[in-house]
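Residue-level structural notes
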Amino acid sequence: MKGLGWLGGNDRQLAATTYAGRESATDEAARKDRTRQRFARAIDVRDAARAGQAWEDEDRRRGRRRR
């Protein structure tokens, strides 16, 4: 390809030396997505637990019993 001489020629060698040990943008995005999903599930679980507790509290307030 013409016009990419400023890269220094060997992209793989440049990446291996200049960016060695750094997390790639793709890996970083995937990690952040997994973290967001984990927190979203935790919030869903918390909200479901609160709703269940509210239902139980209201049921007890009304004086109903389970058999």
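The following paragraphs examine the structure supplied in this document. No experiment lies behind these values; they were computed from the predicted model shown. (Residues numbered from 1 in each chain as written. Predicted model: local features only at pLDDT ≥ 70, side-chain atom pairs only at ≥ 80, totals over all residues. Heavy atoms only, no water.)

Comments concerning the overall build of the protein
So the rule is basically this: Secondary structure elements follow DSSP: runs of H or I of four or more residues count as helices, runs of E of two or more count as strands, with numbering from the N terminus. Each residue gets one of three labels from its accessible area relative to the maximum for its type: buried under 20%, exposed over 50%, partly exposed in between, using a 1.4 Å probe on protein chains only.
Helix and strand content of the protein: two helices and zero strands. Taking all 67 residues of the protein together, the buried fraction comes to 1%.

Considerations on the packing of aromatic side chains
Put simply, the test is: Ring pairs shown here join Phe, Tyr and Trp side chains whose ring centres sit within 6.5 Å, with only the six-membered ring taken for Trp; geometry is labelled stacked below 30 degrees between planes, edge-to-face above 60, and tilted in between. Criterion for a charge above a ring: Lys NZ or Arg CZ within 6 Å of the ring centre, and within 35 degrees of the ring normal.
Enumeration over the complete set of coordinates arrives at zero aromatic pairs. Note that Arg38 overlies the ring of Phe39, its terminal NZ or CZ placed 5.8 Å from the centroid.

Some details on the pattern of salt bridges
Formally: Throughout this description, the term salt bridge denotes a Lys or Arg side-chain nitrogen within 4 Å of a carboxyl oxygen of Asp or Glu.
In this structure the tally under the stated criterion is six salt bridges. Residue Glu28 is joined to Lys32 by a salt bridge in which the shortest nitrogen-to-oxygen separation is 3.1 Å. Here the residue Glu28 and the residue Lys32 both occupy positions in helix α2 (residues 25–61), the gap between them amounting to four residues, near one helical turn. As a salt-bridge pair, Arg60 and Glu56 come within 2.8 Å of each other at their nearest N and O atoms. Of the two residues, Arg60 and Glu56 are both situated in helix α2; the distance of four residues between them amounts to about one turn of the helix. The class for Arg60 is exposed, based on a relative accessible area of 56%. Glu56 sits in the partly exposed class, given a relative accessible area of 30%. Among the charged side chains, a network of salt bridges with common partners joins Glu58, Arg61 and Arg62.

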